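So the chains spell out like this:
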Amino acid sequence: MKIAVVGLGYVGLPLSLQFARSGVTVLGLDIDTHKVDLLNQGRSFIKHIPAEIVTEAVKNGIFSASTDFSRIREVNAIIICVPTPLNKNREPDISFIIETGRSIARHLQQGTLVVLESTTYPGTTDEDLREVLEIGSGLEAGKDFHLAFSPEREDPGNPDSKVASIPKVVGGFTPACLDKAKELYSKAIKTIVPVSSCRAAEATKLLENTFRSVNIALVNELKIVYSAMGIDVWEVINAAKTKPFGFMPFYPGPGLGGHCIPIDPFYLTWKAREFGQHTRFIELAGEVNTAMPDYVIRCVADALNERQKSVNGSKILVLGLAYKPNVDDERESPSYVLLEKLKARGAQVAYYDPYVPIIRPTREHAHWTGTKSVAWDKETISSYDLILISTNHASVNYEELAQWAKCIVDTRNAMASITTTPGQVWKA
Ligand SMILES: NC(=O)c1ccc[n+]([C@@H]2O[C@H](COP(=O)([O-])OP(=O)(O)OC[C@H]3O[C@@H](n4cnc5c(N)ncnc54)[C@H](O)[C@@H]3O)[C@@H](O)[C@H]2O)c1
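Residues numbered from 1 in each chain as written. Predicted model: local features only at pLDDT ≥ 70, side-chain atom pairs only at ≥ 80, totals over all residues. Heavy atoms only, no water.

> Would you mind going over the pattern of salt bridges with me for this structure?
Side-chain pairing between opposite charges can occur once the charged atoms of the two side chains come close. Inspection of the entire model under this criterion finds 18 salt bridges. The closest approach of N and O atoms between Lys143 and Glu140, which form a salt bridge, is 3.9 Å. With a closest N to O distance of 2.5 Å, Arg153 and Glu208 form a salt bridge. Residue Arg153 is found in the loop between strand 6 (146–149) and strand 7 (168–172), and its partner Glu208 is found in helix 7 (residues 198–228); the two are separated by 55 residues along the sequence. Looking at Glu208, the relative accessible area reads 23%, which means it is partly exposed. (Salt bridge = Lys/Arg side-chain N within 4 Å of Asp/Glu carboxyl O. Helix = DSSP H or I, 4+ residues; strand = E, 2+ residues; numbered from the N terminus. Buried < 20%, exposed > 50% of the residue type's maximum accessible area, 1.4 Å probe, protein only.)

> Looking at this model, I keep getting lost on helix 1 (residues 12–21). Mind explaining?
Count 3.6 residues to each turn of an α-helix, and residues three or four apart come out pointing the same way. Burial within helix 1 is extensive, with nine of its ten residues counted as buried. Every buried residue of helix 1 is accounted for by Gly12, Leu13, Pro14, Leu15, Ser16, Leu17, Gln18, Phe19 and Ala20.

> Just to check I follow, could you spell out the site of the ligand for this structure?
The environment of the ligand is made up of 27 residues, and the closest members are Val11, Asp30, Lys35, Thr84 and Thr119. Contacts to the ligand include Val82, whose backbone N or O atom sits 3.5 Å from an oxygen atom. Relative to its unbound accessible area of 830 Å², the ligand is 93% covered by the protein chains. The dominant element in the shell around the ligand, judged by the number of residues it contributes, is helix 4 (residues 95–105), at three residues. Among the residues making up the shell around the ligand, the classes are represented as twelve nonpolar, seven polar and eight charged. (Near = heavy atom within 4 Å. Polar contact = N/O pair within 3.5 Å; in protein donor to acceptor, adjacent residues only side chain to side chain. Areas by Shrake-Rupley, 256 points an atom, 1.4 Å probe, with all protein chains shown as cover. Nonpolar A, V, L, I, M, F, W, Y, C, P; charged D, E, K, R; others polar.)

> Can you walk me through the sheet that holds strand 10 (residues 348–352) in this structure?
Two modes of strand pairing occur in sheets, parallel and antiparallel, and in both the strands are linked by backbone hydrogen bonds. Pairing is parallel in the open sheet, where five strands are placed in the order 10-9-11-12-13. Since the sheet does not close on itself, it has two edges, and those belong to strand 10 and strand 13 (425–427), each with one partner. In this sheet, neighbouring strand axes are inclined to one another by 20 degrees on average, regardless of whether the strands run parallel or antiparallel. Pairing geometry for strand 9 (residues 315–319) and strand 10, over five bridges, is parallel. Looking across to strand 10, one finds that Ile316 is bridged to Val349. (Pairing = 2+ DSSP bridges. Axes fitted to C-alpha atoms, helices over the stretch in contact; angles between N-to-C directions.)

> Just checking my understanding: could you explain the sheet that holds strand 2 (residues 25–29) for this structure?
One open sheet holds the eight strands; their spatial order is 3-2-1-4-5-6-7-8, and the pairing between them is mixed. Where the open sheet ends on each side, the last strands, each with one partner, are strand 3 (63–66) and strand 8 (192–195). Taking the axes of each pair of neighbouring strands and ignoring which way they run, one obtains an average angle of 25 degrees across the sheet. Sheet topology places strand 2 next to strand 3; four bridges connect them, and they run parallel. Note on strand 3: the bridge partner recorded for Gly28 is Ala65.

> Please explain the packing of helix 1 against helix 3 (residues 51–59) as it appears in this structure.
Angle between the axes and distance between the axes are the two parameters that describe a pair of packed helices. Packing of helix 1 against helix 3 brings their axes to within 11 Å, and their N-to-C directions diverge by 50 degrees. Compared by their axis directions, helix 1 and helix 3 come out oblique. Viewed along their axes, helix 1 and helix 3 form a crossing whose handedness is left-handed. The residues of helix 3 that touch helix 1, namely those facing Leu17, Ala20 and Arg21, are Ile53, Val54 and Ala57. Considered class by class, the residues forming the contact of helix 1 with helix 3 number five nonpolar, no polar and one charged. (Parallel < 35°, antiparallel > 145°, perpendicular 65-115°, else oblique. Left-handed = near helix turned anticlockwise from the far one by under 90°. Contact = heavy atoms within 4.5 Å.)

> How should helix 10 (residues 280–306) be read in this particular structure?
With 27 residues, helix 10 ought to run about 39 Å at 1.5 Å a step, and its terminal C-alpha atoms sit 39 Å apart, in line with that. Maximal helix bending in helix 10 amounts to about 30 degrees, located at Met292; proline Pro293 follows within four positions. At the exit of helix 10 stands Gln308, carrying a positive phi of roughly 55 degrees. (Expected span 1.5 Å × (residues − 1). Bend = angle between axes of the 7 residues up to and from the residue.)

> Looking at this model, I keep getting lost on the side chain of Asn289. Mind explaining?
Within the secondary structure, Asn289 is located in helix 10. A relative accessible area of 2% places Asn289 in the buried class. Once you skip the residues sitting within four places of it in the chain, Asn289 turns out to touch Ser213, Ile216, Ala217, Asn220, Gly255 and Leu256.

> Hey, could you run me through unusual backbone geometry in this one?
Excluding glycine, a negative phi dihedral is what most residues carry, and trans is how most peptide bonds are arranged. Of note in the backbone geometry, Asn326 takes a positive phi value of approximately 65 degrees without being a glycine. Checked against the element boundaries, Asn326 lands in the loop between strand 9 and helix 11 (334–344). A residue is classified by how much of its surface remains accessible, and Asn326, at 26% relative accessible area, is partly exposed. Residues other than glycine seldom take positive phi values, yet Asn413 does so here, at roughly 60 degrees.

> Sorry, what's going on with the environment of Thr191 here?
Take Thr191: it is sitting in the loop between helix 6 (175–185) and strand 8. Separated by 26 residues in sequence, Thr191 and Ser165 place their C-alpha atoms 7.2 Å apart. Filtering out sequence-adjacent residues up to four positions away, Thr191 remains in contact with Ile166, Pro167 and Lys168.

> What exactly am I supposed to notice about the state of the cysteines here?
By definition, a disulfide is the covalent link that joins the sulfur atoms of two cysteine residues. Within the structure shown, the criterion is met by zero disulfides. In this model Cys177 remains outside any disulfide bridge; the closest cysteine sulfur is found in Cys198, 7.2 Å from its own. (Disulfide = S-S within 2.5 Å.)

> Can you help me understand the packing of aromatic side chains in this one?
The description of an aromatic ring pair rests on the distance of the ring centres and on the angle between the ring planes. All chains considered together, the criterion is met by seven aromatic pairs. For the ring pair Phe19 and Tyr185, a centre distance of 6.0 Å and an interplane angle of 45 degrees mean the geometry is tilted. Pair noted here: Phe19 is in helix 1 and Tyr185 is in helix 6, with a separation of 166 residues, a long-range link. Side by side, Phe19 and Tyr185 carry an identical accessibility label, which is buried. Over the aromatic face of Phe266 sits the side chain of Arg90, whose NZ or CZ is 5.4 Å from the ring centroid. Here the basic side chain of Lys315 rests over the ring of Tyr384, its NZ or CZ set 4.5 Å away from the ring centre. (Phe/Tyr/Trp six-rings, centres within 6.5 Å; stacked < 30°, edge-to-face > 60°. Lys NZ or Arg CZ within 6 Å of the ring centre and 35° of its normal.)

Written out as structure tokens, the structure reads:
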């Protein structure tokens with residue numbers, strides 16, 4: 001069996017390697033020639049994916065990458081893992097899926113299975129993608145080719161999260177499409193969870209991400225409320241999570257980041273309007289979560305004020321640019337919002353992140369491109385008036401930070417077990 005994985009990013013690359021590891025020949029397709037070249041040289045561009053795994057798969061001939069979509073003709077199944085961002089009006093942008101659909105359609109063969117994995121609103125697979133595939137190929141879904149949706153459940157940076165052991169939800173356009181998709185994924189993944197339709201599978205992913213967004217908003221709000229009452233929300237969550245049933249811990253932070261949680265629920269909000277429905281939990285969670293950076297900035301101002309300083313003119317270092325610990329992915333990171341807001345208030349800002357030595361070009365934060373992480377040494381760190389911990393990477397030496405930093409605002413409880421001086425650390 002030979003498959004194509006379209007979109008070799010944080011989702012597509014580990015998935016390709018998992019299939020390759022399971023003995024399925026994988027052709028990775030991407031429009032980014034740089035990524036394709038790196039992969040064919042056996043190199044990895046994602047920190048938590050070791051180059052050796054890519055090298056071995058390329059050497060064995062079980063994985064190769066290409067920009068040539070006509071090679072779709074060689075494969076039995078195609079899995080699409082392209083981005084699904086929001087546009088500037090915060091509406092779903094499925095143009096990457098549509099573009100991919102068009103590139104595939106021209107070369108689509110009878111009997112091929114097409115599976116969409118990109119997170120999106122219910123109806124994308126059996127309405128939007130189906131339409132471009134059918135028009136471009138002249139073939140009919142469910143009759144001439146198979147169509148399915150299966151949401152990705154990648155948890156970047158979590159060493160216990162292995163693609164093969166995460167149950168895979170699959171929905172088909174027809175029962176035969178579902179059977180084909182089950183057959184495909186069972187080659188590489190242990191547990192398959194079939195659902196009745198592509199829409200049910202799409203909706204499952206949105207429930208999972210909305211669940212996170214709403215619960216994070218809840219603890220973010222409680223952080224502010226408890227802080228006003230002199231109660232430490234981290235202590236409360238740690239105590240509550242000892243309950244062996246009916247509670248799952250979520251942790252507050254400086255705002256939401258990443259490619260999923262801040263974005264995906266709004267795909268549902270948009271689609272719900274078509275049915276005259278409102279997603280009040282999603283809107284409220286979005287409101288609470290996007291207000292968090294302002295709360296953090298107020299804490300920064302208070303901490304500086306205590307030292308007879310203002311934000312304006314202070315040197316502030318944001319520690320952690322990635323949106324979550326131990327990954328190099330800084331897309332949609334709240335650290336950018338903090339940097340922007342502090343800069344707008346006249347602070348001299350910089351960042352430190354061992355995973356992001358230099359800011360790569362991104363659509364959202366183009367003007368930060370090329371900015372470098374500062375060095376980690378006593379002279380540099382102690383030169384800042386305030387260090388704002390935005391991401392708690394495990395590899396940062398927080399003991400050194402406590403020795404070097406004048407003042408620390410900690411949004412992640414990273415300093416909880418570190419010896420500090422009274423008044424040095426502010427929880428935000
Ligand atoms: N990153 C995660 O943790 C995660 C988890 C679950 C689901 N998802 C979802 O998976 C999807 C992909 O996310 P990602 O994080 O892997 O994105 P990514 O940006 O890391 O990778 C997407 C890749 O698609 C390529 N691409 C874009 N347009 C293309 C086209 N027309 N043809 C071929 N390739 C194209 C890009 O060059 C890039 O390499 C999104 O829908 C996302 O919401 C992501």
